Every structure is written in structure tokens, then in C-alpha cells.
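Fold and geometry: a report
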Amino acid sequence: MTVLVFHDPQLPFDGTAPDADALAHWRRHAVTADAAQLAEQLATLGAGDAVLHAHGRYFPLAAHPALLAFLQRGGGLVSLGRQPLSQPIHDGTTMAPQAALFRDLDIHEMLAVDAGNAVRLTVGEEFSLLAGAETLFEPGAATDGFVLMPTKHKDQPADSGSAGPMDAHIYPLLLARNAADAPIAAPVVLIERHRGVGAGGRWLFVNVDPTPAFWGNGGARTLLDWASFAAHGATECWLKPDFACYLPGEVPTLTLQLEALSPAASREWRVELTIAGPNGARCFATALTLRPAHGPVSQRLTLPFAVVAGPYAITATLRADDGETRQLRQGFWGWDDTLLTRGSRLKAGRDYFERDGEPLPIVGMTYMASDVHRKFLQLPNVAAWDDDLRDFAALGINYVRTGIWSGWRHAMFVDGHANEAVLRAIDAFILTAARYGLETCFNFFAFTPEAWEGANPYLDPRARAAQKRFIGAVVARHAHSTCVHWDLINEPSLFDPARIFLGPRTLRDPYEVAAFRHWLQTREPELAVWRNRWDVSPTQLPSWDALLPPQPEDIGFNPTEIAPRQHGIWLDYTLFTQAMHNEWAADLTEHIRALTGDALVTVGQDEALGQQRPAPFFYDRVVDYTTVHSWWLNDALAWDTLFNKTPCKPLLIQETGIMHVENPNGRSKRGEAELAALLERKYAYAFAGGGAGAVQWIWNINYHMDNINESHIGAVRADGSRKPETAVSGDFGAFFAKVAPLMRERSLPQVAVVHPYANDYGNRRSAQEATQRLVRVLHYQLGVPLRAVSEYHLDALYDDPASLVLVPSPQALSNQARQQLRQLLSIQPVKVLLTGPASLDEYWNPADSLFDSNGVDVANVMREEACDIDGQRHRAAFGGEKIARVLKGRLDGAALAQVHAQPCGAGTLLWCPLPLELSDSEDTLAALYRHALAQADVTAPLRCDGGIPHGIYLEKLPYAQGALWIAVNESALNETLSVHDARQGYCFELPAGRALLFATDAQGAVLASLRDQPVACLS
């Protein structure tokens, strides 16, 4: 074994440089090299050797290929200093930082970690290498967190959610902990290469700049000890119960497996194994010896006891003949029916979840495992789950989402024959969550359901029957469990598995073709009517047998096309896919109901509104609650909640997190503090408009996927330390634990907004722009809350009338909505404001005008338009390509638009012929809304001294016995706000980029606030 120390006094060095004693020690006990000698020396080394790199971020560029080649041969590395290998030295000149150097080591990014709140240091659990070396470091020293991306392949290539090979693992060797004993940094980490290039290598990174205390307390000697440890190479160790859950009376079995992945790692290991039973007492202990040499070596154990109900904890201490020590922890469950059936099931009200009759605002977390991530059902580790889920409960998390995102054939390879080990792993997970009072939401499929040889994943009876058998195998075991419910599918797309997230995509298989024809015939049996709606001739569509679902390339989505395209059929095909998703979901829900009774069932959808994919306003009729995954639309987070909250079911932001974004040079654009602030805003918006809560994606960063996003996203870094965003769950968990009883009988806003789905699902879409601008103007600028209704489900306005209904620039309004709005106006004293054309149906064909006048027609907008509102002329600009794609209404050919009022029975129709939500003139839109609000006698429920500052979201959710207040600051400025309702005023600070929630009782007294931030009552 050779240890090569790279140190060059001519190169830069951050922190305190090694003193003469340290350098002398290295010369006596290792081979040393300067920059000029390094490449040549590296070429002589291989597996069983190690390099000590003492310059942190600085490294000679000429030697980088030699270092990489050495590590790829399985060599060991110890690096001292922050941002290792990030700043090349070329011909003695320090060059600009370069990520490509460390990315060659599968470290995608290094993010600065603020460990200033750390009060103590502890050694890692699995490797105790740093025991006694804590004095080399200061708890609050600045350090870095690695974003790893060692996985470059998918193990299920056809699955979007596939994991990949676990080519590397990272272990914290030293953890910095705060006063709450939470690990907030891992200043020293070990990366072991287990597969692929460099397999067997050990790389130890000391990601702090050394201080005088480091060298004074023996740092030079200790670094060589660590280099010797790295040179020995990796031994892969697994402790695996055959099942994660046993039935009482069964005899458990387990396997201890070791493999020396480097020739230098072949050593004899003494293993001491103990098992504690549900009462905490030791129920088994043994010792054995293993010597891995050629491939894996294993020892199977049949344990000499019968399992009883409850959790079992396994500990194995491994000691090599050279003194290296490791500790493995595992566990398994004895099926515990009492625990699984404790308490009552979660129920869904109109707005919020309830348990035992009490409101339960959701503060949740997605979780699979901290060690093997998405392979947690194939390689379950109950001990790891227990640690993490216990932490969830301590943070106030009350809902954990998990499930299967890939590899369904590993769970049920043959239709009807589910893998018992996988089923028992699911059982053990649910039991572990129940132990800590957590509700489990288990997800079955992702993106498109597994088809099991079916031609269509949603419509083929063969696929549907197999899906029921798979779901039934899991659900039947929990027919009476009160701590779990079921998510049918994560982020569904229809129908083509190869074209997910893009909107409706046909497979044109016989089942889909037949279903599409049948669905159309049920709505209208005359083919001639469809030809007329879609503007196709009998020659183009001679019979029903000639009708096929459209491909997107057949459709004219743009105002300018180079060839004739189809048009109207796209709307109907999109509506058809909504109906087929509902049919599929209803069928599987009925199957679950038959097994479990009233266990909740949902569908986990992302930001499908605006993407023409299954949306809450359509599928809410077949599930118990609806969901949104607020990922991409960070400029429209309030809209994301408000326009997905349906009238009768809770809406849960079931995934939220922050996608990784890069600067043009490929480096991370956001730091960890900014990520945490954005997540806090997302959580706050999850409760806007009566939202039921938020679930973060995900607890542990998943670096075992070929996906940069997954390598960055998560509350806990790859090294096991917590990012600042972890505090968001704790803050919201603590707050809602105090105020949950208040959240009953929410009063609805007086303003309802119709989401124009005919526009959104057609081939000239502008609904997203219109509704998002509406939220910015109506809610942010004017302070008027709103609720959303669907163009195709306006019956909600009959059950819960509004004073003002806004129909924002639909361009083309369905005949169904037109009829329902006329009926609504005839019987209710409501004001309805329609903007834009009033006389086009959903196919953009002329129709009876909603505004009753012979002089109504349609025209193209000009770049500059004007509108008279309350006697004042206002500008309306339509920039960009809008003069090509946006239409306006006209009355009697008037060039100057006006707001027209027309009595219609008990109500009044207000019509602005200009589609102002599509204009660039928000002040004009605000003037229009002020006019409509005045006509409807609606006033803003809140008043802010000096007006609402730009970028501030304010909302008061009134309940029978109090209120929840939400304030979000999307601006760069700190604000001091004085906000008043009809009874009381409140003053509080709202820092830039942050959120504040507080609750008041029926008398207006403040009950609690997020993070206990001060909120002063104003007289």
C-alpha cells in the first residue's frame, strides 16, 4: 500500500497551511509530490493505494487526467479543504472555478452549507472512523454539501420514474448538530464506489478549511490514517431479513452478506449480531466470522424464536482484522393488527381532512428510504424507516406519501401472482408509519399504469383486470387498517406511455378507437353533426369506421400552419381522455371500496391544469380528494391552488418542492436559503382558498437516478444532513397543531371565476394566461378573494351562489356553459362579467350571443385598443403575436369598447367586448374589476394601510369561530404591513421572499403564528 501526499507550497491554500512538523511527518510516512511530480507519481498507483490531496479546491490541471485514471482503477482518495477539485491551476496560474473537474467524479454540484447554528459534532453511525477526531474541527465551521449523480443508467428503461444502479453510496463520517440535535451539516463524508467504473474505491472528503487546531491536534497524522483506510477499498455489507414483516408465530430468517470490492479489501470480519424484540429486551445474540474474497460471501440465519406482534431491531457490529469497524442496523415487524386498526380512518370534508371528528390540516412528506431510495420495497430496511419516520412525527408531519414509481413487474411479474416479499415490505412500511401516528398514502402507478400485456394501459380489459389483481393483493391485507389510504396513480397521462406529460396522446389501439367512437356517439349519434362541428366533409370522414383519435401533428395549434390541419376534434378528444381517466379511476376505486369500505382513494396529479391532462374539476367525482403537484409554476402558486380547488372536495398540494435550475454556466442558480424561502411560500399557498395542506417531495435526495433534478431535490442532503428547508415542515407542523381545531365551516368568497375549459382543452389555448392574470389583478392588487368553478360544472353555482361571477376571456364558450349561465342569471340576483367575444361556441363557430343583441359580432384585436369604463378611457395593449391569435367582441361595430350591462331575469350580465385578461394592460383590467365589484356590491374584505404593496398576497380565511390569515411576500423588499378587516387591525413584519400565517379567534385575538412571529393587534 502506497499513500501519496500531494502538497505544493507554491500553490494556493485556503485556511491554515500545514506547518513544518506536519510536512515532515508526511515525508517520513508517505510518498510526497508537488504539482510537477504529481501526474507521474499517480501513474504508478492503483487499487490498494491512496492519494492525500491537501489543497482543497486547487488542483493542477495537467494532473487531472492522471488522478481520474487512478480513481477509475479503484484507488483511494482523501481530500482536505472546501470545494475540492473545483479550481484548476494551469502553468502556475489560478484559473476560474470549473465544475467539470469534480463532475468527472460524479459530484454534480457543491453547495455552501451554513453550519453556524451547530453546537456539537458527532461521528457517523455506520463508520466510526472519526471517533476521537472531533477536536480537529469546529462545530460551526463553514462547509459544503455534495450533490451526487453517480447513476447514469435506468434499470427500467421504459419507466420515466425508474431508478438506476447503486454505483456509489455516501456516508457521513462527521455530523454537525444544532441545539435541537438535528444534523445540519456533514463536514466529513465518505463516498464508496460499489459498481461500475472505479468500483472498490473509497473517497474521503474533509470539506472544511483547516485551522491551527486541526494541525495542532494531530491532523497530519490523522489524515494519513484516513488515507490508509481509503486505500483498503470498499467492502459492501448488507444485513437482509427475508421478509420485512412476519406473521405472529412465524420463524424469521435473515442473511448477512459481504463482498470485498477491492483486492485490498479482502479481510476477515468478526460479526456480533443482536436482536431486540418489541419490548426492547434482547431476544437473540450470536457471533460469526466471514472472509469475503471472490465475490459475495453470505451467512444465512434461521432465528430460534417465533415472532410476536411488534417491531424487532437488529444490530450487527463488524470488526475487520485490521481494526476497521462498521455497524449495520436493520429490523422487521411482527404483524400488529391492534396498531393497524387503532383509531378511526382519515375522512375528507369539503375543504379539509378530518380524523375522529377533528380537522387535520396536512403537513406531509414523500418518503421511500434514506439508503436505497426507490428500491425500498426490494431492499427494505425497517430500522432506517423507523429513524426517519420518528423524525417526521417530531417535526409535526402527519402524512407520509410513498409507493411504487417504477418496476411494477418486480412486484407482480406474472399477472395474479404478487411478490410476497414486496407485499410484506409494504406492510412493514405502513406499520412503521402507524407506530408514529402517521397517515400513509400509498401510490400504485406512475404516469401510465402498468398494462401486463394489455394493448392500452387504461382501456384494455386485460390490463384493467391485472391492475385490480395487483392493487387487491396490497389492499386486501389492509381491509381494516385505519392508518393508510390509496393513490391510484402519480401524474397520469393518457394514453401512450412513451409520450407522457405532453397532453392527450393516442395509441390508436382497437380499445381506444372503439371507446372514442362510442363516447362521441353517446353524446351525439349523428355523424353529420360532428362533421359540422369539426368542419370536415363526408369525403374526409365518410363513416364512423373511418374515425380515428387525432395525433397532435394533425392539429392546427398555431395561427399559421404550412398545411391544412384539423381543429375542433382536439377539444372532444381531450374531453374524451378526461372521461376515460374517470372511468378507469372509478373502476379501480370501486374495487378498493369492495375490499376496504371507506378508505380514501385519490389520484396524484401534477400541474395538469393548462396541460390538457386529467384535472381535479373532472376527476373529483370519482375520488375522495384531489391533488396538485406544484413544481414548475412558481410565478402562479396562488393560481395553482385556487383554480384546482373544487367546490366539494379537499385539494391537497400532494407534492411540492423546488426543481433544480442552472445558470448559463451550468452551476446551480439557487442557494439553500433561497430554496427554503421558496418552499415556505409554496407551503403557505397550499392553504390559500381553502387548500388542505402540503406534502414535500421528498425527504431524502435520491442520487440513485439518472436525473439531475432528483439528485438536487429533497429536505435531506445525500450525506444525511438536513437542508434549511427541513425547518419548513417543522414550522408548519407546529403551527397547524395549534390552530387545527379552528378550521371548520369556511365561508366562501363572494366572487366565483369560471375556468374556460373549452378554451383550455382546444387548439387555441389562452385560458392559463387569462386566469393567471386575473389572480394577479383581482387578488394581489385589489385584495378580493375568489373561488373557481369549471365551465363544464357550473352546477356548483346553484348550490353555493356567488355575488359576482367572472368569465375571463374564454374566446370560445361552450353551449353548455352558455345555457347554464343564462339559467343562473334568470333565477339568481348575480352579476356575471364576460370579457371578449360573446358569440362563439366551443368550436369557435358562430353561436347565439350570450349578450342578447343583433349587433354583436367578432373581430381581431388591434395592437392598441381602448375601453370606456365609468366614463374614463383606458388603454388595452395586445402585444406580440396576439393580433394574430386573439379575438374581441363588438357591439354595432363600435371601435371604442364599453362595458355593457344587460338585465337577465334576476341577474345582470356585464359584457366587456375586449378580452382584457389577455391584454398587457393590468391597470385597465383592475379598473374593469372595480366596476364589476361595485355593480355586485362586493368589497375587499381586507384593507392594507397605504395599499397592498406589489408582490404581496393577503388572504383571510373566515371560519365559524375565527380565521386563518395568509401573507406571502414575493418581492425583494422587506415590508411592514398594517392590515385591517371589518373588526380589527394587525401589524406584522413580512421579510422579502417569506410567508406568515396566523390565526385569530372569533373576537379577533391572535391565537398563534408561524414560527411565533410577532403579530400586533391594532386598536
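Every value quoted in this text rests on a predicted model; they were computed, and no experiment measured them.

1. What about the overall build of the protein?
- Helix and strand counts for the protein stand at 25 helices and 51 strands.
- The C-alpha atoms of the protein give 32 Å as radius of gyration, which agrees with the globular expectation for 1019 residues (31 Å, within 12%).
- Dimensions of the protein, computed from C-alpha atoms along their principal axes, come out at roughly 100 × 65 × 60 Å.
- For the protein, the proportion of its 1019 residues judged to be buried stands at 63%.
- Sequence separation of 24 or more characterises 73% of the internal contacts of the protein that already satisfy a separation of 6 or more.
- When the accessible surface of the protein is summed, it comes to about 36,000 Å², and 50% of that surface belongs to carbon and sulfur atoms.
- Of the side chains in the protein, 85 bear a positive and 115 a negative charge, and the two mean positions are spaced by 1 Å.

2. A word on the sheet that holds strand S1 (residues 3-6)
- On the basis of which strands lie adjacent, the open sheet formed by eight strands has the order S2-S1-S3-S5-S13-S12-S11-S9 and mixed pairing. Two strands bound the open sheet, and with one partner strand each, they are strand S2 (31-33) and strand S9 (120-123). On average, each strand axis in the sheet is tilted by 20° relative to the strand beside it, whichever way the strands run.
- Relative to strand S12 (residues 183-193), strand S11 (residues 168-177) runs antiparallel, the two being bridged by eight bridges. Its bridge partner being in S12, Ala168 is matched across the sheet by Arg193.
- Packed on one face of the sheet, helix H3 (residues 64-72) meets strand S3 (50-53), strand S5 (76-80) and strand S13 (202-206) and runs near 130° to S5.
- Against the sheet, helix H6 (residues 219-231) engages S1, S3, S5, S12 and S13, with an angle of about 150° to S5.

3. Examining helix H23 (residues 815-827)
- Here H23 contains 13 residues, and its C-alpha end-to-end distance of 19 Å stays within 8% of the 18 Å for a straight helix at 1.5 Å per residue.
- Those residues of H23 that fall on the buried side of the exposure criterion are Ala817, Arg818, Gln820, Leu821, Leu824 and Leu825.
- Tucked inside the fold, the buried residues of H23 contact helix H22 (796-799), strand S35 (804-807), strand S36 (831-835), strand S42 (900-904) and strand S43 (907-912).

4. A look at the environment of Arg120
- Relative to the helices and strands, Arg120 is located in strand S9.
- Separated by 383 residues in the primary sequence, Arg120 and Gly503 place their C-alpha atoms 51 Å from one another.
- With residues up to four places along the chain from it excluded, the contact list for Arg120 reads Pro139, Leu175, Ala176, Arg177 and Asp181.
- At a separation of 2.6 Å, a polar atom in the side chain of Arg120 contacts the side chain of Asp181.

5. Considerations on H3
- Listing the buried residues of H3 in full gives His64, Ala66, Leu67, Leu68, Phe70 and Leu71.
- Along its buried surface, H3 packs onto helix H2 (35-42), S3, strand S4 (58-60), S5, helix H4 (99-103) and S13.

6. Regarding the domain arrangement of the protein
- By the assigned domains, the protein splits into domain 1 (2-233), domain 2 (236-335), domain 3 (339-384 + 395-508 + 549-742), domain 4 (751-937) and domain 5 (944-1018).
- Summarising the inter-unit geometry, the C-alpha centres of domain 3 and domain 5 are found 31 Å apart.
- When the two sides are added together, the surface that domain 3 and domain 5 hide from each other amounts to roughly 1,800 Å², 68% of it contributed by carbon and sulfur.
- Linking domain 3 to domain 5 there are three salt bridges.
- A salt bridge links Arg1011 to Glu680; the shortest N-O distance between them is 2.3 Å.
- Our count for the contact surface shared by domain 3 and domain 5 stands at eight residue pairs in polar contact (both at pLDDT 80 or more).
- Counting residues per element, the ones that place at least two in the side of domain 3 that touches domain 5 are helix H16 (637-642), helix H17 (672-686) and helix H19 (726-739).

7. Notes on the packing of aromatic side chains
- Applying the stated rule across the entire model yields 57 aromatic pairs.
- Taken together, the ring pairs in this structure connect Tyr458, Phe495, Phe516, Trp519, Phe557, Trp570, Tyr573, Phe576 and Trp584 into an aromatic cluster.
- The residue whose ring lies beneath Arg409 is Phe413, and the NZ or CZ to ring-centre distance is 5.8 Å.
- Here the basic side chain of Arg776 rests over the ring of Tyr780, its NZ or CZ set 4.1 Å away from the ring centre.

8. Some points on the sheet that holds strand S39 (residues 872-877)
- Across the sheet, three strands lie side by side as S39-S38-S41; this open sheet has mixed pairing. Looking along the sheet, the strands with just one partner apiece sit at the ends: S39 and strand S41 (897-898).
- On the sheet, helix H25 (residues 922-935) packs against strand S38 (864-869) and S39 and is oriented at approximately 25° with respect to S38.

9. Considerations on the side chain of His373
- Mapped onto the elements of the fold, His373 is located in the loop between strand S25 (362-366) and helix H8 (382-395).
- Looking at His373, its side chain comes within polar contact range of the main-chain oxygen of Ala369, at 3.3 Å.
- Leave out the neighbours within four places in its chain, and His373 touches Met368, Asn700, Ile701, Asn702, Tyr703 and His704.

10. Describing the packing of H17 against H19
- For the pair H17 and H19, the least separation of the axes is 9 Å and the interaxial angle reads 35°. Relative to H19, the crossing made by H17 is right-handed. Here H17 contributes Ala676, Leu679, Glu680, Tyr683 and Ala684 to the contact with H19, which in turn contributes Val728, Ser729 and Phe732.
- Classifying every residue of the contact of H17 with H19 gives six nonpolar, one polar and one charged.

11. Let's talk about the packing of helix H12 (residues 510-523) against helix H14 (residues 569-596)
- Their axes nearest at 10 Å, the elements H12 and H14 cross at an angle of 105°. Taken together, H12 and H14 sit at an angle that is classed as roughly perpendicular. Listed contacts from H14 to Glu512, Ala515, Phe516, Trp519, Leu520 and Arg523 of H12 are Ile569, Asp572, Tyr573, Leu575, Phe576, Ala579 and Met580.

12. Let's talk about the side chain of Asn759
- With respect to the element layout, Asn759 can be found in helix H20 (residues 757-760).
- At a separation of 3.1 Å, a polar atom in the side chain of Asn759 contacts the main-chain carbonyl oxygen of Pro810.

Cut-offs and rules
Residues numbered from 1 in each chain as written. Predicted model: local features only at pLDDT ≥ 70, side-chain atom pairs only at ≥ 80, totals over all residues. Heavy atoms only, no water. Helix = DSSP H or I, 4+ residues; strand = E, 2+ residues; numbered from the N terminus. Rg over C-alpha atoms; globule rule 2.2 N^0.38 Å. Buried < 20%, exposed > 50% of the residue type's maximum accessible area, 1.4 Å probe, protein only. Contact = heavy atoms within 4.5 Å. Areas by Shrake-Rupley, 256 points an atom, 1.4 Å probe, with all protein chains shown as cover. Lys, Arg positive; Asp, Glu negative; His and termini not counted. Charge placed at Lys NZ, Arg CZ, Asp CG, Glu CD. Pairing = 2+ DSSP bridges. Axes fitted to C-alpha atoms, helices over the stretch in contact; angles between N-to-C directions. Expected span 1.5 Å × (residues − 1). Polar contact = N/O pair within 3.5 Å; in protein donor to acceptor, adjacent residues only side chain to side chain. Domains from an automatic or database assignment. Buried area = accessible area lost by both parts, 1.4 Å probe. Salt bridge = Lys/Arg side-chain N within 4 Å of Asp/Glu carboxyl O. Phe/Tyr/Trp six-rings, centres within 6.5 Å; stacked < 30°, edge-to-face > 60°. Lys NZ or Arg CZ within 6 Å of the ring centre and 35° of its normal. Left-handed = near helix turned anticlockwise from the far one by under 90°. Nonpolar A, V, L, I, M, F, W, Y, C, P; charged D, E, K, R; others polar. Parallel < 35°, antiparallel > 145°, perpendicular 65-115°, else oblique.

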